[in-house]
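# Report on the structure
Listed here are the chains, written in short residue letters.
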Amino acid sequence: MDIAPSILTADFTELGQVLDEAIDAGITWVHLDVMDGNWVVNKTITFGPAVVRSIRERLGEDVFIDCHLMITNAEETWEQYADAGANLIIAHIEAIEDPEEIIDEIRRAGKEVGLVLNPDTDVGEVLPYLADLDLVLVMSVVPGKGGQSFMPEVEDKVRRLRSKIDHQVANGGRRTKLMIDGGVKANNAKLVSSWGVDIAVVGSGLINKAGSIKDNLEEITSSL
Ligand code: DX5
Ligand code: ZN
C-alpha cells in the first residue's frame, strides 16, 4: 500500500519546506484537499487553484498530484485544478449531477479521474462508473478537517470495491485504484492494507509535532 500525504495539518507558512521534507522521505504522490467554505459540514476553506499551481511548480513534474474537490461546483471548476497541474481530479459523487459527463470531460482534458464517497454514502452510487474510473476513494472520516478518528465501519464498502475492481481486472477491464482517506495512522495502516487498499491518504499521522515526516512515514511503512 502506498502513502499519499494530505497537507491539512501543515503550518501553511512553511508549506514548501514541508513538501520538500515529504519528497525527501520518499513520497511520490501528494493529496490536495480543496474545500470551498460551503460543501463540507464545517463550512471551512482550505485553498484553491493558485496554491495547487505553486505546489506543482515547487515539486516539479515527477510528483503525482491529486485534487480532492470538496466543493459545490466541481462540474464548473475542475478545469482550474487540472490547469494548475493536478494529474488526477477526484469529485464527490454526492456533489455532482452527472458523473458520466464530468468523467468524460476530465479524461478528454488528458487527466486522470476519480470519484469519492462519504462514509454514509452507499457504495452502489459509484459502482455504475467503476469501469471508467482511474481511482475510487472511500472517505473514512466525514470530510472537513484533518486529525479526525478513523471510521472502521467503512470496511464493507472497501472490501466490496476491492472485489468489484478485481473482477473488472480479471475481465480485461481497467485497474481502478482504491484509495482511503481519513484517520489512517501507524496503528491502523496494516488493517486498511489488509482490506485491499492501494493508496492511503495520511495527514496528521505524517505531518505532526510528534516526529519528522521521514520517521512517521517509516513507522507506517514498517508496520505494513
Ligand atoms: C478530510 C480530508 C483528508 C484528511 C486527512 O476532509 O479529505 O484528506 O484531512 O487527514 P488525516 O489523516 O489527519 O485524517
Ligand atoms: Zn482528502
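Remember, predicted model here, so these are calculated numbers, not experimental data.

## Considerations on the packing of aromatic side chains
What describes a pair of aromatic rings is the distance from one ring centre to the other and the angle between the planes of the rings. With the rule as written, the count across this model stands at three aromatic pairs. With a centroid separation of 6.1 Å and 50° between ring planes, the pair formed by Phe 12 and Phe 47 is classed as tilted. Residue Phe 12 is located in the loop between strand 1 (2-5) and helix 1 (15-24), and its partner Phe 47 is located in the loop between strand 2 (29-35) and helix 2 (49-59); the two are separated by 35 residues in the primary sequence.

## Remarks on empty space enclosed by the protein
The final tally for this structure, using the stated rule, is one cavity of 30 Å³ or more. Looking at the largest cavity, its volume works out to about 190 Å³. If you go around the largest cavity, you meet 24 residues; those closest to its centre are Ser 6, Lys 145, Gly 146, Asp 181 and Gly 182. Of all the secondary structure elements, the ones that give two or more residues to the lining of the largest cavity are strand 2, strand 3 (64-70) and strand 8 (199-202). Considered class by class, the residues forming the lining of the largest cavity number nine nonpolar, 11 polar and four charged.

## With respect to the pairing of strand 7 (residues 177-181)
Strand 7 sits mainly inside the fold: four of its five residues count as buried. The pairing of strand 6 (residues 135-139) with strand 7 spans five bridges and is parallel. The partner of Met 139 across the bridge, within strand 7, is Asp 181. At this point the chain moves from strand 6, through helix 5 (residues 155-170), to the parallel strand 7, and the crossover so formed is right-handed.

## Some remarks on a negative patch on the surface
The grouping of Glu 97, Asp 98, Glu 100, Glu 101 and Asp 132 at the surface amounts to a negative patch. Accessibility expressed as a relative area gives 56% for Glu 100, which makes it exposed.

## What to know about the site of ligand 1
The full set close to ligand 1 counts 20 residues, and Asp 33, Gly 147, Asp 181, Gly 203 and Ser 204 are the nearest of them. Between ligand 1 and the protein, one listed contact pairs an oxygen atom with a side-chain N or O atom of His 68 at 3.3 Å. Between ligand 1 and Gly 203, the relevant distance is 2.8 Å, taken from an oxygen atom to a main-chain nitrogen or oxygen of the residue. Judged by the proximity of its atoms to the pocket grid, ligand 1 belongs to the largest cavity. Elements with a minimum of two residues in the shell around ligand 1: strand 2, strand 3 and strand 8. Among the residues forming the shell around ligand 1, the class breakdown is seven nonpolar, 10 polar and three charged.

## Quick word on unusual backbone geometry
Notably, Lys 43 is not glycine yet its phi reads approximately 55°, a positive angle. Looking at the secondary structure, you find Lys 43 in the loop between strand 2 and helix 2.

## Notes on the packing of helix 1 against helix 2
When two helices pack together, their arrangement is given by the angle between the helix axes and the distance between those axes. In the contact formed by helix 1 and helix 2, the axes pass within 11 Å of each other and the chain directions differ by 45°. Taken together, the axes of helix 1 and helix 2 lie oblique to each other. Helix-helix and strand crossings are classified by hand; for helix 1 and helix 2 the assignment is right-handed. Contacts from Leu 15, Gly 16, Gln 17, Leu 19, Asp 20 and Ile 23 of helix 1 reach helix 2 at Val 51, Ile 55, Arg 58 and Leu 59. Along the lines of polarity and charge, the residues of the contact of helix 1 with helix 2 split into six nonpolar, two polar and two charged.

Reading the values: the criteria
- Residues numbered from 1 in each chain as written.
- Chains lettered and ligands numbered in written order.
- Predicted model: local features only at pLDDT ≥ 70, side-chain atom pairs only at ≥ 80, totals over all residues.
- Heavy atoms only, no water.
- Phe/Tyr/Trp six-rings, centres within 6.5 Å; stacked < 30°, edge-to-face > 60°.
- Helix = DSSP H or I, 4+ residues; strand = E, 2+ residues; numbered from the N terminus.
- 1 Å grid on protein atoms, 1.4 Å probe; cavity = no way out; pocket = protein on both sides within 12 Å on 5 of 7 lines; lining within 4 Å.
- Points joined across faces, edges and corners; volume = space filled by probe spheres on them.
- Nonpolar A, V, L, I, M, F, W, Y, C, P; charged D, E, K, R; others polar.
- Buried < 20%, exposed > 50% of the residue type's maximum accessible area, 1.4 Å probe, protein only.
- Pairing = 2+ DSSP bridges.
- Right-handed = clockwise from strand over helix to strand, strands pointing away.
- Patch = residues over 30% accessible without salt bridge, like charges linked within 9 Å, V, L, I, M, F, W, Y side chains within 5 Å.
- Areas by Shrake-Rupley, 256 points an atom, 1.4 Å probe, with all protein chains shown as cover.
- Salt bridge = Lys/Arg side-chain N within 4 Å of Asp/Glu carboxyl O.
- Lys, Arg positive; Asp, Glu negative; His and termini not counted.
- Charge placed at Lys NZ, Arg CZ, Asp CG, Glu CD.
- Near = heavy atom within 4 Å.
- Polar contact = N/O pair within 3.5 Å; in protein donor to acceptor, adjacent residues only side chain to side chain.
- Sits in = over half its atoms within 2 Å of the grid points.
- Axes fitted to C-alpha atoms, helices over the stretch in contact; angles between N-to-C directions.
- Parallel < 35°, antiparallel > 145°, perpendicular 65-115°, else oblique.
- Left-handed = near helix turned anticlockwise from the far one by under 90°.
- Contact = heavy atoms within 4.5 Å.

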